[in-house]
Amino acid sequence: MQVSRNWLCWARPSATVRAIDSLDRQLVRLRVYALLTYPFACVPFLFLFFRQHGMSESDYGEIIGAYYLAMFIAEVPTGVLADRFGPKVMLVAGPLLLASGFLVLLVWPTYAGFLVGEVLLGLGHAVLSGPPAALLYESLQARGQQHRFLREESRLSALRMLGTGAAFLLGGALASCTRANGEAWDVTIVATCCLCGLASVAALQLAGGPPRGRLHLRVFARQVGHEASKPAVLWLLAYWIVLFALLRFPFHNYQPYLQQAGEHEPLLHQPLFVGLLFAAMNLAAAPLSALVPRLVDRFGRRPLFWGMPLVLAASLAVMAWERANATDGSRSLVWLGVAMFFVQQVPFGMHAALLQEFVNHRIGSVARTTVLSALSLGARAFYAAINVALFHVQAAHGMARALLVASLGGLLAATVVLWLRPRGLLRGAGPVA
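Each chain carries its own residue numbering, running from 1 in the direction its sequence is written. Confidence filtering applies because this is a predicted model: local features only for residues at pLDDT of at least 70, side-chain atom pairs given and counted only at 80 or more, and all residues used for totals across whole chains, interfaces and linings. Where side-chain values are given, they derive from all heavy atoms of the structure, hydrogens and water being excluded.

S.K.: Explain the overall build of the protein residue by residue, including any values.
M.R.: The numbering of helices and of strands both runs from the N terminus, where a helix is a DSSP run of H or I of at least 4 residues and a strand a run of E of at least 2. For the protein, the helix and strand inventory stands at 17 helices and 0 strands. Contacts between residues were defined by any pair of non-hydrogen atoms, one from each residue, lying within 4.5 Å. Put simply, of all contacts in the protein between residues at least 6 apart along the chain, 85% involve residues at least 24 apart. Of the roughly 18200 Å² of accessible surface on the protein, a fraction of 67% belongs to carbon and sulfur atoms. Note that accessible areas follow from Shrake-Rupley with a 1.4 Å probe, and for residues the cover is restricted to the protein chains shown.

Here is the structure:
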């Protein structure tokens, strides 16, 4: 009988073992989804696609501004939907919206069509801004493993960058190989649409979060207001606005920068090299994301929160100086400017996990995605106006002036926000800031 009872113990795993096994499967599926979340093979070439269809730099700034305006409008409603129906539904819908946005860019290549396409892309990004981190946190919390969030989110962030980097490289190869002049931008858009479809299929394999309670709207709104009014969350909103602007302006300016710099270094006009360059940037950022937990343990949060905006502001100043001093034959200066792309990947690789951990540990599950969306809304609302303004400065006064304005403005804003943070907010290196 003793043998029989022992055999039954092995045959019927404990609830703890089943929970661990279930969590492991969920984490594997989340990692697969992370690889496919942003498979933007066409992104390194969208500026060229717009220019091919007659768009100026001012038009480009306005088109990108429409993308951020759409995110601004959709952030909180999509966060509410995620909190009501669960993040899995949004992880399926997000890539489908992205695919539809890219498809509109392809089939309606006019200023109006580009605005509509970017609006759809903004909706897709709004849908995806909070749910991946919320589902990860809820999956860990349901099994008492929420202390692992920073490590797991860092890993997922790294995988998202690796997946995007591989897509960039694919886009460069497709553009270079499928058309004699190397300008097959439409092919890269088709590839992006197909990969976004795969992301939705991967999302269907995920387990949903905990059951969602039926809260009355007034109770839900009160909970959101309570969570969003916490001093730490309000401070993070101000910090995120500054950091987001410093991250996104250079990203949207990479292709215009390469087009100008390519006058002195023809390699920067070669699509395969551009795809390789964008892939290399993501590959450089991915290990930094995975290293965030170790960096927090080693240095604490305060140097990291200070360092990210200051590094970005300094790199923009170098790019501005390079553009102001560019002369015929100045290839070494060109490569100095391009090197700043890689410097900017340091804060890009680190910021997502740090900010997600900061807020997830401070808000309850009832309104988690809505509050995350509200933070994202604030950042994108401000940046929509900043983007249009900076690209108009660039069109009127040149790239060097626009980069310098972004650098000095970001430096001043970051210093003020960090100096005014609540006392003791960034102390410590434990699992909760």
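That was the structure; now back to the text.
S.K.: Run through the packing of aromatic side chains, naming residues and quoting values.
M.R.: Any Phe, Tyr or Trp ring, taking Trp's six-membered ring, that has another such ring centre within 6.5 Å forms a pair; planes under 30 degrees apart are called stacked, those over 60 apart edge-to-face, and the others tilted. Evaluated as defined, the whole model comprises 25 aromatic pairs. Centre to centre, the rings of Phe-49 and Phe-50 are 6.4 Å apart; their planes meet at 55 degrees, and the pair counts as tilted. Their ring planes at 80 degrees and their centres at 6.1 Å tell us that Tyr-254 and Phe-278 sit as a pair that is edge-to-face. Highlighted residues: Tyr-254 in helix α11 (residues 231-261) and Phe-278 in helix α12 (residues 271-290), separated in sequence by 24 residues. Residues Tyr-254 and Phe-278 agree in their burial class; the two are buried. Taken together, the aromatic side chains of Phe-47, Phe-49, Phe-50, Tyr-60, Phe-114, Phe-249 and Phe-391 make up a single cluster linked through ring pairs. Definition used: whenever NZ (Lys) or CZ (Arg) falls within 6 Å of the ring centre and also within 35 degrees of the ring normal, the charge is taken to sit over that ring. Just above the ring of Tyr-257 sits the side chain of Arg-323; from NZ or CZ to the centre is 5.2 Å. Burial here depends on accessible area, computed with a 1.4 Å probe over protein chains only, as a share of the maximum for the residue type. Under 20% is buried, over 50% is exposed, and the range in between is partly exposed.

S.K.: Describe the packing of helix α7 (residues 131-141) against helix α8 (residues 149-177), and please don't skip the residues or the numbers.
M.R.: Interaxial angle, 0 to 180 degrees, is taken between N-to-C directions of lines fitted to C-alpha atoms, where a helix line uses only the stretch in contact. One can describe the packing of α7 onto α8 by two numbers: an axis separation of 10 Å at closest approach and a directional angle of 145 degrees. Two packed elements cross with a definite hand, and for α7 against α8 that hand is right-handed. Packed against α7, whose contacting residues are Pro-132, Ala-133, Leu-136, Tyr-137 and Leu-140, the element α8 presents Phe-149, Glu-152, Glu-153, Leu-156 and Arg-160 at the interface. A breakdown of the residues in the contact of α7 with α8 according to their chemical character gives 7 nonpolar, no polar and 3 charged. Handedness of a helix crossing follows the sense of rotation of the near helix relative to the far helix, less than a right angle counterclockwise being left-handed and clockwise being right-handed. Here the nonpolar group is Ala, Val, Leu, Ile, Met, Phe, Trp, Tyr, Cys and Pro; Asp, Glu, Lys and Arg are the charged ones; every other residue, Gly included, is treated as polar.

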